[in-house]
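Here are the chains, one letter per residue:
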Amino acid sequence: MKKVITLMLLLVVGHSFAQIKVEGVVKDSIGNPLELANVIAINQETKALESYGITNDQGRYKLALTKNITYTVQVSYIGMKTFEETVKIKESDLTKNFTLQEDNTLDEIQITYEMPVTIKGDTLTYNADSFNKGTERKLGDVLKNLPGVEVNADGQIEIEGKVVGKVMVDGKDFFDGDSKLATKNIPASAVDKVQVLKNYAEVGQLSGVTNNMDNIAINIKLKEGKTNFWFGDITAGGGVSEDNALYLAQPKLFYYSPKYSVNLIGDLNNIGEIAFTRRDYFNFSGGFRAPSRQSGTSINLGSNNLGFLSLQNNRAKDINTKFGAANFSYSPNKKLDLSGFAILSSSRIELQENNSVQYTNSDLGIPDEDTQSNTRQRSDLGMLKLSSKYKPNASNQLDYEVLGRFSKESQDQKFLSSVIGNIDQFENTKPFSVNQNLSYYYTLDEKNIFAFEAQHLLQDEDPFYNAIIEEKANYETTANNLGLDPNQLDYNVAQEKRVKSNQLDAKLDYWNILTARSNINFTLGTILSKQNFDSEIFQYLDDDTVFDPTPTFNDGLDTNNTDYNFSDMYVGAHYQFKTGIFTITPGLSAHAYSSKNVQFGEEYKKNFFKLLPDFDMRIQLKKSENISLTYNMNTQFTDVTNLARGIVLNNYNSIFSGNEGLDNALSHNVNLRYFSFNMFNYTNVFGSINYSKRIDQIRNLTNFESVIRNNSPFNSSFADETISANGRFQRRFGKLQASVNGNFNYSKFNQFIQGNRSVNENYSHSYGAELRTNFREAPNVQLNYRYGIQDNDQGSTRSKFYTSTPSVEVDALILKTFTFRTDFSYNNFSDEEGTINDYEFWNASLSYRKDKDAKLEYAIKATNLLNTKSQSQSNTSNISVSATEYFIQPLYVTFRVIYSL
């Protein structure tokens, strides 16, 4: 493998030295340089577009051409006559300047070839075929070829260091813009153009008064013949593993027309190819954004899902998944748009983990703990959304959306602790939620704009927890404190919880456009929230009866029936003005807060007033180079579970009781961001620094009995701080693309254990480098290296973990019929004493398709060719640091048949 990679790189370097550089300046008739002019070179012999360039802000362009070849060079610019000239390339670099004339006749030379990249205003358009190599199968493969576009490990699209918030196909939302579903499912063969829409405004009426610089959308333009017809592919396959038969079925069908569209995605397999994870489900917003998102107030309704172990790198010991999704849009007329989607996901997952835990302060007598766990998870998830948009004219727009979520999940865990012994844990839940959004936008005239947004959430969660501790002696102190009956074969303790949430978030905005470069915005808004929390702890006895224990601490309270009401009434004002390259928006909001919780016949109430400033400044250095600086003060309010005084079992080793007197926390947040994308040489630079300081942060008073901890929250008078920085530099050199990136995170927070305060400092930094080729006809290689350090300073103890991961990917189209892909990674996981675990992961696939228009494709795919058994990672929390080994699926080989419509 090393010899192949070295040979490939030598060929690339040799090819680069054989190129002749042609450069110069494009100007208009009076000598002004033309930025973003298109320059293309067409080989006269092959009639192929061989090179292209886009001028920079000084009008400079650059082409890489082959010596002793004659080219037709075409230069074009909007509003100018296209210029064409025949150029003979010899054996030395050439300087060639061009002058364009104004076009008043529209009688211009016909451009035979489309430019690979065109820029018009805030829209950057890539011609997909100009970058495709023939091995692409899904949209994600196409996007990875495009300069300035990244697809991260989660399948999300990133541009300018920002995650793309919306994906559309022919102007219609694809599953409310979810980028992962788009990159993993839309066939590459259907993609004609990729339009990057910067400064994207969801509501056109507000585009001139709202700050959209962080909003980026992508619109996929379909090829001719892909509209008004069904297209897509159906994959079926199977194989044999050590333990069982393998299968997969993956239909992906799409239909687009001017009036309506339909998208159908299915996935059924037991080979670990997860179309939609639990993380995807809970992160899927459905396009909903809280009206109060910029008000300075955040209220946490809590997450009362199960304590599910999560997949690592989407891998586990055994994975069976079923996934089905449907998306539609319908426009009965130009005034009305209807759309919606349904998503169903079902998984059966088995996980096996070994965990070494080092608790925060060894001086306090807390023992380290080694654990082994075998876990079976059942998860059935569903989402349904319907949306409508009514726009009778340019001055009025009414939107309504409703999103329903429902799930049924359970986790059965066999747990062995070196301290406690054998524990059986079982959890299940069947929560649901309904979220509704109503928005109305009204433009009175060119100076006055109104917007009303309201969102209502109804949520019901019912997690159940059951733990059976077999070695009673290791749990005796905790059992006595909980009031459990000791005269049983084991301790079989359970808990029922129920959390109901009802929240309204609404605001009314008014903008007055003062001048062409300034406006003022006034906001009147409210957040009204109500939560009810019930819980009860009980013990199953050997005779199948139920015992209601009485704890010996916490005033004997082990039940909860808490009502919590919260309200925020606020007004805000923001003034935006532009001067030169600066866009500055200072703002201030005034809040009247009220909170009340009632439990055990007692009422705790608090009312107070708060002023929250914010500031935003954007510096537009060039069309594709900018700096942004933001500051905001934010108040954070907790959820009902932190206020409830009764005991709650979060785990067999974690007992929690709330504090009815908790106050809000306050944070100061600063962000500085820089971005530059130079189309002249395809240099992409991104960097950001974030700082946050939290005052009166809610922290836990933690007391350990062995490894079993009691937690109770309080408002800490000691501030916590975090700072993070990340950056990336990427550039193309002919057929090579190189990039380097780095991330640094530092956090300092105060922890309170056994009555002692200590400062916990965590440092994590990672560095990466990538080098890849961009051949159209030859195989392509991508080399990656990543190095990460996790450094945890917990006062009396300090631990460091190191992760080193070199990897290589090869992608080749052979004889225009075979597509070969392989990826290999080596991972070394170590601490200061040496290697803890090292492992390799190797996948490969070979597919055959007669030609690019063939309907059938045959593929053989192997995952984990080296049959690696386990992988490792480090984790850190406020009370512990751990190293985890998790077991993964063995070598799988499957044969597949893909039929393209």
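1. As for the overall build of the protein
A tally of regular secondary structure across the protein gives six helices and 53 strands. The globule rule puts the C-alpha radius of gyration for 901 residues at 29 Å, and the 30 Å found for the protein is close to it. Of all 901 residues assigned to the protein, the portion counted as buried reaches 51%. Long-range pairs, those at least 24 residues apart, make up 66% of the contacts in the protein with a sequence separation of at least 6. Charged side chains in the protein number 90 positive and 105 negative. The centres of these two groups are separated by 9 Å.

2. Notes on the sheet that holds strand β13 (residues 162-163)
Taken in spatial order, the three strands line up as β11-β12-β13 in an open sheet, and their pairing is antiparallel. With partners counted over all chains shown, the strands left at the sheet margins are β11 (149-151) and β13, one partner each. In terms of strand pairing, strand β12 (residues 157-159) meets β13 through two bridges, oriented antiparallel. Each bridged residue has a counterpart across the sheet, and for Ile-159 the counterpart in β13 is Lys-162.

3. What about the side chain of Ser-331?
Among the structural elements, Ser-331 can be located in strand β22 (residues 318-333). Taking the relative accessible area as the measure of exposure, Ser-331 reaches 16% and is therefore buried. Those residues in contact with Ser-331 that lie beyond four places of it in its chain are Lys-259, Leu-336 and Asp-337.

4. So, the environment of Arg-279
Along the polypeptide, Arg-279 turns up in helix α4 (residues 278-283). Along the backbone, Arg-279 and Thr-95 are 184 residues apart, and their C-alpha atoms lie at a distance of 54 Å.

5. Some details on the pairing of strand β36 (residues 625-637)
Of the strand pairs in this sheet, strand β21 (residues 297-299) and β36 are connected by three bridges, and their pairing is parallel. Bridge assignment links Ser-298 to a residue of β36, and that residue is Gln-636. The pairing of strand β35 (residues 602-622) with β36 spans eight bridges and is antiparallel. Within β36, the position partnered with Phe-615 by the bridge is Tyr-631. Counting the residues between successive antiparallel strands, the hairpin from β35 to β36 contains two residues. As judged from the 12 bridges shared by β36 and strand β39 (residues 665-678), these two strands associate in the antiparallel manner. Residue Leu-629 lies in a different strand from β39, and its bridge partner there is Leu-672.

6. Looking at the pattern of salt bridges
Inspection of every chain in the model, using the stated rule, returns 34 salt bridges. In this structure, the salt-bridge partner of Arg-498 is Asp-460, at a minimum N-O distance of 2.6 Å. Here the residue Arg-498 occupies a position in strand β30 (residues 491-515), and Asp-460 occupies one in strand β28 (residues 448-461), the gap between them amounting to 38 residues. In this structure, a network of salt bridges that share partners links the residues Asp-791, Asp-793, Arg-798 and Lys-800.

7. Thoughts on the side chain of Lys-226
Tracing the sequence through the fold places Lys-226 in the loop between β17 (216-222) and β18 (230-240). Within the buried core, Lys-226 has no salt-bridge partner, and the shortest N-O distance to an opposite charge, that of Asp-853, equals 7.8 Å. Among all residues touching Lys-226, those that are not within four sequence positions of it are Ser-189, Ala-190, Phe-231, Tyr-256 and Leu-901.

8. Let's talk about the sheet that holds β17
Overall, mixed pairing links the six strands, which are arranged β9-β10-β16-β17-β14-β15 in an open sheet. A single partner strand is all that each edge strand has here, and the edge strands are β9 (117-120) and β15 (172-173). Where β9 lies against strand β10 (residues 123-127), four bridges are found, and the strand directions are antiparallel. Among the inter-strand pairings, Thr-118 is bridged to a residue of β10, identified as Thr-125.

9. A look at the pairing of β10
Within a regular strand, side chains alternate between the sheet's two faces. Judged by how many residues are buried, β10 sits mostly within the fold: four of five residues are covered. Hairpin remark: β9 followed by β10, antiparallel, with two residues in the connecting loop; positive phi at Gly-121, about 65°.

10. Topic: the environment of Tyr-359
Within the secondary structure layout, Tyr-359 lies in strand β23 (residues 336-359). Of the residues examined, Tyr-359 reaches a relative accessible area of 5% and is grouped as buried. Note: C-alpha distance between Tyr-359 and Ala-217 (142 residues apart in sequence) is 44 Å. When near neighbours in sequence (up to four residues on either side) are disregarded, Tyr-359 contacts Ile-366, Pro-367, Asp-368, Glu-369, Asn-653, Phe-704, Val-707, Arg-709, Ile-879 and Ser-880.

11. A look at the packing of aromatic side chains
For any pair of aromatic rings, the description rests on two quantities: the centre-to-centre distance and the angle between the ring planes. Under the defined criterion, the tally for this structure stands at 34 aromatic pairs. With centroids separated by 6.3 Å and ring planes inclined at 35°, the aromatic side chains of Phe-174 and Phe-254 adopt a geometry described as tilted. Here Phe-174 is found in the loop between β15 and α3 (179-185), whereas its partner Phe-254 is found in strand β19 (residues 245-256), with 80 residues between them in sequence. For Phe-254, a relative accessible area of 1% gives the class buried. An angle of 55° between the planes, with centres 5.4 Å apart, marks the rings of Phe-415 and Tyr-652 as tilted. Here Phe-415 is found in strand β25 (residues 396-417), whereas its partner Tyr-652 is found in the loop between β37 (647-651) and β38 (654-657), with 237 residues between them in sequence. Classification of Tyr-652 as buried rests on a relative accessible area of 3%. These aromatic residues form a ring-pair network of at least three members: Phe-174, Phe-175, Phe-231, Phe-254, Tyr-256, Phe-276, Phe-284, Phe-323 and Phe-341.

12. Focus on the nonpolar core
By size, the foremost hydrophobic cluster in this structure holds 55 residues, and its most contacted members are Val-117, Tyr-126, Phe-174 and Ile-343. Looking at this core, the element that brings in the most residues is β17, giving four residues. Core analysis: the next-biggest nonpolar cluster, separate from the first, contains 25 residues, Ile-366, Tyr-475, Ile-647 and Ile-655 among them.

13. A look at unusual backbone geometry
One non-glycine residue, Asn-554, lies in the positive phi region at around 55°. Take Asn-554: it is sitting in the loop between β32 (546-547) and β33 (559-579). Taking relative accessible area as the criterion, Asn-554 reaches 23% and is therefore assigned partly exposed. Even without being a glycine, Lys-816 presents a positive backbone phi close to 60°. Tracing the sequence through the fold places Lys-816 in the loop between β47 (798-814) and β48 (818-831). By relative accessible area, Lys-816 is classed as exposed at 67%.

14. Some words on the environment of Asn-678
Tracing the backbone through its elements, the reader meets Asn-678 in strand β39. Sequence-distant contacts of Asn-678, that is, excluding residues within four places in its chain, are made with Asn-56 and Thr-683.

Scoring rules and cut-offs
Numbers given to residues run from 1 along each chain, matching the order in which its sequence is written. Local features in this predicted model are restricted to residues of pLDDT 70 or higher, and side-chain atom pairs are both shown and tallied only at a pLDDT of 80 or more, whereas totals for entire chains, interfaces and linings draw on every residue. Note that the side-chain values use all heavy atoms of the structure and ignore hydrogens as well as water. Helix numbering and strand numbering both begin at the N terminus, where a helix is a DSSP run of H or I of at least 4 residues and a strand a DSSP run of E of at least 2. A radius of gyration in this sense is built from C-alpha atoms; the matching globule rule multiplies 2.2 Å by the number of residues raised to 0.38. Whether a residue is buried, partly exposed or exposed follows from its accessible area with a 1.4 Å probe, protein chains only, as a fraction of its type maximum: under 20%, in between, or over 50%, in that order. In what follows, residue pairs with any heavy atoms lying within 4.5 Å of each other are defined as contacts. Counting rule applied: Lys, Arg positive; Asp, Glu negative; His and chain ends not counted. To locate a charge, take atom NZ for lysine, CZ for arginine, CG for aspartate or CD for glutamate. At least two DSSP bridges between two strands are required for those strands to pair. In what follows, salt bridge is the name for a side-chain nitrogen of Lys or Arg lying within 4 Å of a carboxyl oxygen of Asp or Glu. The pairing test for Phe, Tyr and Trp rings, Trp by its six-membered ring, is centres within 6.5 Å, and the orientation test on the planes gives stacked under 30 degrees, edge-to-face over 60, and tilted for anything in between. Joining through side-chain atoms within 4.5 Å is the link that ties buried Ala, Val, Leu, Ile, Met, Phe, Trp, Tyr and Cys residues into a set, and such a set is a nonpolar core.

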